[in-house]
Amino acid sequence: MFKPTLLAAALAGALPLPALAVSDADLAALRAEFQQQLDHKLKELQARYEDRLKQMEARLATPDAPAPAPREARSNDFNPELSLILQGGYARHKSGERRPTGFLRDAAISAPARGFSLNDSELILSANIDPDFRGQATVILADGQANVEEAWFQTLALDHGLTVKGGRFLSGIGYANEQHPHAWDFADNNLMYQTLFGEHFTQDGLQLKWLAPTDTFLELGGEIGNGNAFPGANGGGGRNGIGSWAAFAHVGGDVGESSAWRAGLSRLAARPRGRESKLFDTAGVDTNNTFSGRSRTWIADFVWKWAPDGNPRERNFKFQSEYFQRDEDGELIHDTSGVNTPGAYRARQSGWYAQGIWQFMPRWRAGLRYDQLHRGELDFGANQAALLPAGYTPSKWSLMADWSPSEFSRFRLQLARDHAILGNPDDHQVSVQYIHSLGTHGAHKF
Amino acid sequence: MLLRVLLITLLLAANTAQATLNVLACEPEWAALTQELAGDLARVTTATTARQDPHHIEARPSLIARARNADLLVCTGAELEIGWLPLLRRESGNARIQPGQPGYFEASAHVHLLERSGIADRAQGDVHPGGNPHFQADPRNLLKVANALAPRLVQLDPANASAYAARNQDFQKRMVAAIARWEKEAAPLRGVPVVVQHRSWSYLADWLGLKVVADLEPKPGIEPSVSSLAGLLDRLKTQPVRMILRTPYQSSKPGEWLAERAGIPVVELPYTVGGSAAAGDLFGLFDDTVAKLKGALK
């Protein structure tokens, strides 16, 4: 509308064609109209630019007006959290295996290293897989081998307090079972867990956990697995069915601001087939034995943590104790690499440990632990004469002190008196240990 | 009759319990802010107290149980809670509070963070490469966080949208007025040299113009040692300061050691709501902070 008029006016002004016989009055009117429209348009443009200028000025005046890009916590963008634990040290103790007298233990547990040694280095990768799942793998690196200690997925979005975990995972039974060696408060595992599982009980299977919608912490869990790990065993042949079952209940809460506690009761059942254990016979000869039958374990656990005002930074105290009772019955084949004599086996055994860790100043902690095992009822049937040792109560005292220059490094000195073996006490065990954590390492559980 | 009254009361209680939002705040300042914005519309609890170091909290069973029942988590973010919050969320079995869900609110996403180094080398101590997370010490940040938190509350509880909006407007008005008052009162503090314990006071210094000369911690998160403190004492001889600032959750020993030898006061500032008797809410927090700073100047 504006343009044709302008064009017409320009033509009219530039080419005063006499042939068109346009009157002066007509021309003047047209010029006036043109001027008017031009003025109007200019004013409009001016107003528009002024508006935009004002907007820009306003934006400049408030420096933080362009909202910072929302940056919520990410774990290393899309890469998994990667963490490596370096452990090693020096140990001084008697040579050979330290199998508690009177207990069947996993034959795969090797004698603890002496002198300078590199302990397991743990490589841990974890990340959210998608909005519904999280995954984690823990690989133990040792000379010439890499063992998959854990490799699992866990649901994040089931809601209603439900979580499902699948794959290979540390069972939720007991308290110390879910702790990796680098999270232990002592240089070695307690006698109870050593005897029951070696290091800890690992399931290849599924776990379902439910957290009750109550103000008091109440967690119930159940697990099924292939039962390959001690106290289960599949004799190398595997099985289609379920080889191990576990169920656990944990309750916990706070007492005031300074104390928090958790207590639990767990049950583990397995049907081992051809499970290998080494036993010294009554003549003192080390023999191979296999057990097939039923294994059932109860574990009761209790943890109490205290810190002034609930602030553990400077001083804190942790008390931890667990008790187990294991019932096993079935058949034990004695001396499988020799005479191979089958016999009935029945045992009802128990044990416990208690430990206290006291952080008396920032960076420094001291701890004391006592372990005890009770042989209980032990019946080797036809092999009784060959295998039943004299009555003995294995026990161990450990005293440790550690220093942590930062959250990510720790050095530890431990002295122990190990009376696990009848007639063979080792009163002067000394360990010096370092534990270093590299990279993004997830938080430890309570 | 009595039974009927009891039943009705129970029903009413159940109804109101359903109507209120269950909010778990990671730190007391966010509990206080949520309370300002939601009033009786939310049941707010806090995971930590002012006497607890928010960097070092354990994922206690009681916290997991509370996370299980929370409709909304209000946290600082910027990796402050990295040592315990991820575990709390995972163990809770609560899909509403997972990252990316409306039930997870991170305050740091809505403010401008200082000290964004981008360097993630632990040789530098316990660093937060994404920026310093102690931004609640500048009340102007509370205004921004409130402006983001109010819409989040509306999103979770649309029925009470107008109430949240009105409460936020009221909060903004009161806070803006209070900030003007504090800034006026704190004018003499501008340019005053101080020593801090950890980078907990960067935002306060930035707001009031305090000059941070040194940190008691040789590196962030690393406890001061006698030798590092002695070095600091030497430095203060040529570069004198007026006071040492610390939070209620930090050890008083390093500050006292230095204060005694340098002849300057240690000021324990409330740091967050509940950090002192006077810091009962967000307004009391800064009333007390400014008063204590000015008191130490005399």
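Worth saying up front: this structure is predicted, and the values here are computed from it rather than measured.

**Student:** Give a detailed account of the overall build of chain B, specifying residues and quantitative values.
**Tutor:** Of regular secondary structure, chain B possesses 10 helices and eight strands. Within chain B, the fraction of its 298 residues that count as buried is 57%. For chain B, restricting intrachain contacts to residue pairs at least 6 apart in sequence, the fraction spanning at least 24 positions comes to 65%. With the model as given, the accessible surface of chain B reaches about 12,100 Å², and the carbon-plus-sulfur share is 57%.

**Student:** Any details on the pairing of strand β1 (residues 81-92) of chain A? Residues and values, ideally.
**Tutor:** Residue and element names in this part refer to chain A. Bridging between β1 and strand β3 (residues 121-130) involves five bridges; their strand directions are antiparallel. Bridge pairing in β3 places E81 opposite S126. Examined bridge by bridge, β1 and strand β18 (residues 426-439) share 10 bridges and lie antiparallel to one another. Counterpart to G89 in the pairing with β18 is Q433. Across four bridges, the pairing between β1 and strand β2 (residues 115-118) is antiparallel.

**Student:** Got a sec to walk through the sheet that holds strand β8 (residues 266-268) of chain B? Specific residues and values, please.
**Tutor:** All names here are of chain B. As summarised here, the arrangement of the four strands in space is β6-β5-β7-β8, forming an open sheet in which the pairing is parallel. Whereas interior strands pair on both sides, the edge strands pair on one side only; in this sheet they are β6 (211-215) and β8. The average undirected angle you get between the axes of adjacent strands in this sheet is 35°. Of the strand pairs in this sheet, strand β7 (residues 243-246) and β8 are connected by three bridges, and their pairing is parallel. Note that in β8 the partner of I244 across the bridge is V266.

**Student:** Any details on the packing of helix α3 (residues 61-68) of chain B against helix α4 (residues 85-92) of chain B? Residues and values, ideally.
**Tutor:** All names here are of chain B. Running from amino to carboxyl end, α3 crosses α4 at an angle of 60°, the nearest separation of the two axes being 8 Å. Our classification of the angle between α3 and α4 gives oblique. When the axes of α3 and α4 are compared, the crossing they make is right-handed. Within the contact between the two elements, α3 uses L63, I64, A67 and R68 and α4 uses L88, E91 and S92.

**Student:** Describe the interface of chain B and chain A, naming the residues involved and giving the relevant values.
**Tutor:** On the chain A side, the residues contacting the 45 residues of chain B number 52 residues. Regarding the contact of chain B and chain A, the summed buried area is about 4,200 Å², with carbon and sulfur atoms giving 47% of it. When the buried area of chain B at its contact with chain A is split by residue, P61, R68 and R90 of chain B rank highest and sum to 15% of it. At the junction of chain B and chain A, the tally comes to 10 salt bridges.

**Student:** Explain the side chain of D371 of chain A to me, using residue names and the numbers behind them.
**Tutor:** All names here are of chain A. By secondary structure assignment, the location of D371 is in strand β15 (residues 364-379). By relative accessible area, D371 is classed as buried at 0%. Side-chain polar atoms of D371 contact the side chain of R369, separated by 3.4 Å. The contact partners of D371, leaving out residues within four places of it in the chain, are N190, L191, M192, W352, Y353, P394, S395 and K396.

**Student:** Describe the pattern of salt bridges, and please don't skip the residues or the numbers.
**Tutor:** Residues and elements named next belong to chain A. Applying the stated criterion across every chain, the model contains 42 salt bridges over all chains. D418 is the partner of R98 in a salt bridge, and the nearest nitrogen-oxygen pair spans 3.3 Å. You can see R98 sitting in the loop between β1 and β2 and its partner D418 sitting in strand β17 (residues 409-419), a full 320 residues away along the chain. Several salt bridges share partner residues, and in doing so they unite D185, K318, R365, D402, R410 and R412 into one network.

**Student:** Run through the confidence of the model for chain A, naming residues and quoting values.
**Tutor:** Residues and elements named next belong to chain A. On average, residues of chain A score 87 in pLDDT, and 85% of them are at 70 or above. This stretch, residues 1-21, has a pLDDT under 50; its non-local contacts, to residues over four places away or in other chains, come to 10 contacts. Below pLDDT 50 for its whole length, residues 59-70 participates in six contacts with residues either more than four positions away or in separate chains.

**Student:** Residue-level account of the environment of G77 of chain B, with values.
**Tutor:** Residue and element names in this part refer to chain B. In this structure, G77 sits in the loop between β3 (72-75) and α4. Taking the C-alpha atoms as reference points, G77 and C26, separated by 51 residues in sequence, lie 9.4 Å from one another. Excluding anything up to four places from it in sequence, G77 contacts E106, S108 and P133.

**Student:** Provide a residue-level description of unusual backbone geometry, including the pertinent values.
**Tutor:** Following F230 of chain A, the chain continues to P231 of chain A via a peptide bond in cis, the omega torsion being 10°. Summarising the element assignment, P231 of chain A is placed in the loop between β8 (217-225) and β9 (244-255). Positive phi values are uncommon outside glycine, yet E115 of chain B reaches one of about 55°. By the element assignment, E115 of chain B lies in the loop between β4 (104-106) and α5 (139-156).

**Student:** I'd love a proper account of the packing of helix α2 (residues 28-38) of chain B against α5 of chain B, names of residues and values included.
**Tutor:** All names here are of chain B. Look at α2 against α5: their axes get within 10 Å of each other, and the N-to-C directions meet at 60°. It follows from the interaxial angle that α2 and α5 lie oblique. As α2 runs across α5, the sense of the crossing is right-handed. Facing α2, whose interface residues are W30, L33, T34, L37 and A38, α5 presents L142, V145, A146, L149, A150 and L153. The residue inventory of the contact of α2 with α5, partitioned by class, reads 10 nonpolar, one polar and no charged.

**Student:** Please give an account of the sheet that holds strand β2 (residues 42-46) of chain B that cites residues and values.
**Tutor:** Residues and elements named next belong to chain B. As summarised here, the arrangement of the four strands in space is β2-β1-β3-β4, forming an open sheet in which the pairing is parallel. Strands with a single pairing partner mark the edges of an open sheet, and in this sheet they are β2 and β4. Recorded for the sheet is a direction-independent mean angle of 20° between the axes of neighbouring strands. Bridge analysis of strand β1 (residues 21-25) against β3 gives three bridges, and the strand direction is parallel. Each bridged residue has a counterpart across the sheet, and for V23 the counterpart in β3 is L72.

**Student:** Summarise the packing of aromatic side chains; cite the residues concerned and give the values.
**Tutor:** Under the counting rule described, the total for this entry stands at 22 aromatic pairs over all chains. Through a chain of ring-to-ring contacts, the aromatic side chains of F171, W182, W207, F283 and F286 of chain B assemble into a single cluster. The lysine or arginine in question, R369 of chain A, covers the ring of F186 of chain A, its NZ or CZ lying 4.6 Å from the ring centre. The residue whose ring lies beneath R89 of chain B is Y104 of chain B, and the NZ or CZ to ring-centre distance is 4.5 Å.

**Student:** Which residues make up the state of the cysteines, and what values do they have?
**Tutor:** Residue and element names in this part refer to chain B. A full pass over the atoms with the stated rule returns one disulfide over all chains. What pairs with C26 in a disulfide is C75, and their sulfur atoms sit 2.0 Å apart. Judged by the torsion about the S-S bond (50°), the C26/C75 disulfide is right-handed. With a gap of 49 residues between them, C26 in the loop between β1 and α2 and C75 in strand β3 connect regions that are remote in the sequence. The exposure class assigned to C75 is buried, which follows from its relative accessible area of 0%.

**Student:** Talk me through the nonpolar core; I want residue IDs and the actual numbers.
**Tutor:** Residues and elements named next belong to chain B. L210 and L245 are the most contacted members of the largest nonpolar core, which totals 62 residues. Shared between two domains, this core takes at least three residues from each, and those domains are domain 1 (12-181) and domain 2 (186-297). With residues up to four places along the chain from it excluded, the contact list for L210 reads L189, V192, V194, L204, A205, L245 and L293. In this structure, A65, W84, L85 and L88 belong to the second largest nonpolar core, which totals 20 residues.

Rules and cut-offs
- Residues numbered from 1 in each chain as written.
- Chains lettered and ligands numbered in written order.
- Predicted model: local features only at pLDDT ≥ 70, side-chain atom pairs only at ≥ 80, totals over all residues.
- Heavy atoms only, no water.
- Helix = DSSP H or I, 4+ residues; strand = E, 2+ residues; numbered from the N terminus.
- Buried < 20%, exposed > 50% of the residue type's maximum accessible area, 1.4 Å probe, protein only.
- Contact = heavy atoms within 4.5 Å.
- Areas by Shrake-Rupley, 256 points an atom, 1.4 Å probe, with all protein chains shown as cover.
- Pairing = 2+ DSSP bridges.
- Axes fitted to C-alpha atoms, helices over the stretch in contact; angles between N-to-C directions.
- Parallel < 35°, antiparallel > 145°, perpendicular 65-115°, else oblique.
- Left-handed = near helix turned anticlockwise from the far one by under 90°.
- Buried area = accessible area lost by both parts, 1.4 Å probe.
- Salt bridge = Lys/Arg side-chain N within 4 Å of Asp/Glu carboxyl O.
- Polar contact = N/O pair within 3.5 Å; in protein donor to acceptor, adjacent residues only side chain to side chain.
- pLDDT = per-residue confidence, 0-100.
- Nonpolar A, V, L, I, M, F, W, Y, C, P; charged D, E, K, R; others polar.
- Phe/Tyr/Trp six-rings, centres within 6.5 Å; stacked < 30°, edge-to-face > 60°.
- Lys NZ or Arg CZ within 6 Å of the ring centre and 35° of its normal.
- Disulfide = S-S within 2.5 Å.
- Core = buried A, V, L, I, M, F, W, Y, C linked by side-chain atoms within 4.5 Å.
- Domains from an automatic or database assignment.

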